[in-house]
Amino acid sequence: MIRSVVRGFGAALPKRVVTNRELEQTVDTTDEWIVQRTGITQRYVAGPDETSASLGTDAARAALDNAGLTPDDIDMIVVATSTPDNTFPATAVNIQNRLGMTHGYAFDMQAVCTGFVYAVTTADSFIRSGQAKRVLVIGTETFSRILDWSDRTTCVLFGDGAGAIVLEGEEGEGTVADRGVLAASLRSDGSHKDKLYVDGGPSTTGTVGHLRMEGREVFKHAVGMITDVIVDAFDKTGLTAEELDWLVPHQANRRIIEASAKKLGIPLEKVVITVDLHGNTSAASIPLALAVAASDGRIRKGDLVMLEAMGGGFTWGAVLLRW
Ligand SMILES: CC(C)(COP(=O)(O)OP(=O)(O)OC[C@H]1O[C@@H](n2cnc3c(N)ncnc32)[C@H](O)[C@@H]1OP(=O)(O)O)[C@@H](O)C(=O)NCCC(=O)NCCS
């Protein structure tokens, strides 16, 4: 049985760091409020020369280097983003071009903060069906460009960045001891649209729009949705939370992460948390967190890793894989 195995990982962050203290100068907020409610102390914000495509390309190059591969070895690129450089062509095609690739195919995936989980699941399906052999899966965002910087209830929460992994098809035994993606669980429910959305778009206002959110409403739904898909992914394999080495959650809010881990009985020592340094980077947050924890030696070959996310739509999902 073919398994989609992580061959390499990489990340890229904008040059500029914006601390909570800096935000105190521009909106009516405090470092204490932001840290207490979210765990965020700083975020990265893209400069004029940094875009979702440029950051995504840097992360892709880092992942290829880490895997010991070149763009020639890749036959598919899938990019999870809600902040594309252009309405079209896809940011994935832009990145393909920046990598000097004229072979293969590239496309974007839009599932907001759950984008990377959807993209990994999609890449896994393409690999297992024989449509692709090696896939660059990228999450890249410049949410700073769609924030209303005068709205303290949203602008303090988000940041920019990119992360990438290379998935490669490898023959496995078909057991849960295999390396690679073992199970996935995806969900969406559009009836929640008004709780988290962007108030513009090509087919409505003809503008890009700004992010709008009912934070309390999102919070109310988050933990239940996240834990449901995690339990579903475990159930598909027969594995349990006790056997998990690392939970790598979407980094929206430390309180949501802690409450989800607690509900599942996963100790915090097994949870990768980067929201303090990156803020919520939407589809980029999971591959950024993976890159941090794999670089510092926490996530090691053979480890059982659960990815999970929840975001606008609502969309939510989980992927269980062996690193
Ligand atoms: C956004 C969030 C941190 C707000 O925390 P909360 O405890 O729910 O706070 P509330 O929205 O109830 O607001 C409490 C008070 O803080 C104020 N407040 C909001 N943002 C503030 C800020 N940046 N600084 C200071 N005060 C702020 C509110 O105006 C409100 O004041 P009021 O009581 O006088 O009306 C929290 O709801 C959350 O994390 N939600 C999930 C958001 C998320 O992760 N979204 C992305 C999903 S992918």
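Residues numbered from 1 in each chain as written. Predicted model: local features only at pLDDT ≥ 70, side-chain atom pairs only at ≥ 80, totals over all residues. Heavy atoms only, no water.

- Under an unreviewed UniProt entry, the name given to the protein chain is Beta-ketoacyl-[acyl-carrier-protein] synthase III, and the source organism is Ectorhizobium quercum.
- In the Sequence similarities (unreviewed entry) part of its UniProt record, the protein chain is described as follows: "Belongs to the thiolase-like superfamily. FabH family."
- The Pathway (unreviewed entry) comment attached to the protein chain in UniProt states, word for word, "Lipid metabolism; fatty acid biosynthesis." (UniProt positions renumbered as here; feature names shortened; annotations may be inferred.)

Considering the domain arrangement of the protein chain
Item 1. Domain annotation for the protein chain reports domain 1 (2-171) and domain 2 (180-322).
Item 2. In this structure, domain 1 and domain 2 have C-alpha centres spaced 14 Å apart.
Item 3. The partner domain 2 presents 48 residues to the 50 residues of domain 1 that form the contact.
Item 4. Around 3700 Å² of area is buried between domain 1 and domain 2 when both sides are counted, 67% of it from carbon and sulfur atoms.
Item 5. Across the domain 1-domain 2 interface, the total number found is one salt bridge. (Domains from an automatic or database assignment. Contact = heavy atoms within 4.5 Å. Buried area = accessible area lost by both parts, 1.4 Å probe. Salt bridge = Lys/Arg side-chain N within 4 Å of Asp/Glu carboxyl O.)

Thoughts on the UniProt feature "domain: Beta-ketoacyl-[acyl-carrier-protein] synthase III N-terminal" (unreviewed entry) in the protein chain
Item 1. Residues annotated in UniProt with the feature "domain: Beta-ketoacyl-[acyl-carrier-protein] synthase III N-terminal" (unreviewed entry) correspond here to residues 107-190.
Item 2. Taken end to end, residues 107-190 comprises 21% helix and 39% strand; its first and last C-alpha atoms sit 23 Å apart. (Helix = DSSP H or I, 4+ residues; strand = E, 2+ residues; numbered from the N terminus.)

A word on the pattern of salt bridges
Item 1. One pass over the structure, following the stated rule, counts 17 salt bridges.
Item 2. The partner of Glu 168 in a salt bridge is Arg 7, and the shortest N-O contact between them spans 2.5 Å. On the criterion of sequence distance, the pair formed by Glu 168 in strand E7 (residues 160-171) and Arg 7 in strand E1 (residues 2-12) is long-range, its members being 161 residues apart.
Item 3. Residue classification places Arg 7 among the partly exposed positions, given a relative accessible area of 31%.
Item 4. Between Glu 50 and Lys 15 there is a salt bridge, and its shortest N-O distance comes to 3.4 Å. Of this pair, Glu 50 sits in the loop between strand E3 (42-45) and helix H3 (52-67) while Lys 15 sits in the loop between E1 and strand E2 (16-19), and the two are 35 residues apart along the sequence.
Item 5. Owing to a relative accessible area of 66%, Lys 15 belongs among the exposed residues under this scheme. (Buried < 20%, exposed > 50% of the residue type's maximum accessible area, 1.4 Å probe, protein only.)

Thoughts on the site of the ligand
Item 1. Close to the ligand lie 23 residues, the nearest being Thr 29, Arg 37, Arg 152, Arg 216 and Asn 253.
Item 2. Side-chain polar atom of Thr 29 to a nitrogen atom of the ligand: 2.6 Å apart, as the coordinates give it.
Item 3. A distance of 3.3 Å is found between an oxygen atom of the ligand and a side-chain nitrogen or oxygen belonging to Trp 33.
Item 4. Looking at the shell around the ligand, the elements with two or more residues in it are helix H2 (31-38), helix H6 (152-155), helix H7 (215-237), helix H8 (254-264) and strand E12 (304-311).
Item 5. Take the shell around the ligand: its biggest share by element is four residues, from H7.
Item 6. Taken together, the residues of the shell around the ligand sort by class into 10 nonpolar, eight polar and five charged.
Item 7. Lining the shell around the ligand are residues from two domains, each supplying at least three of them: domain 1 (2-171) and domain 2 (180-322). (Near = heavy atom within 4 Å. Polar contact = N/O pair within 3.5 Å; in protein donor to acceptor, adjacent residues only side chain to side chain. Nonpolar A, V, L, I, M, F, W, Y, C, P; charged D, E, K, R; others polar.)

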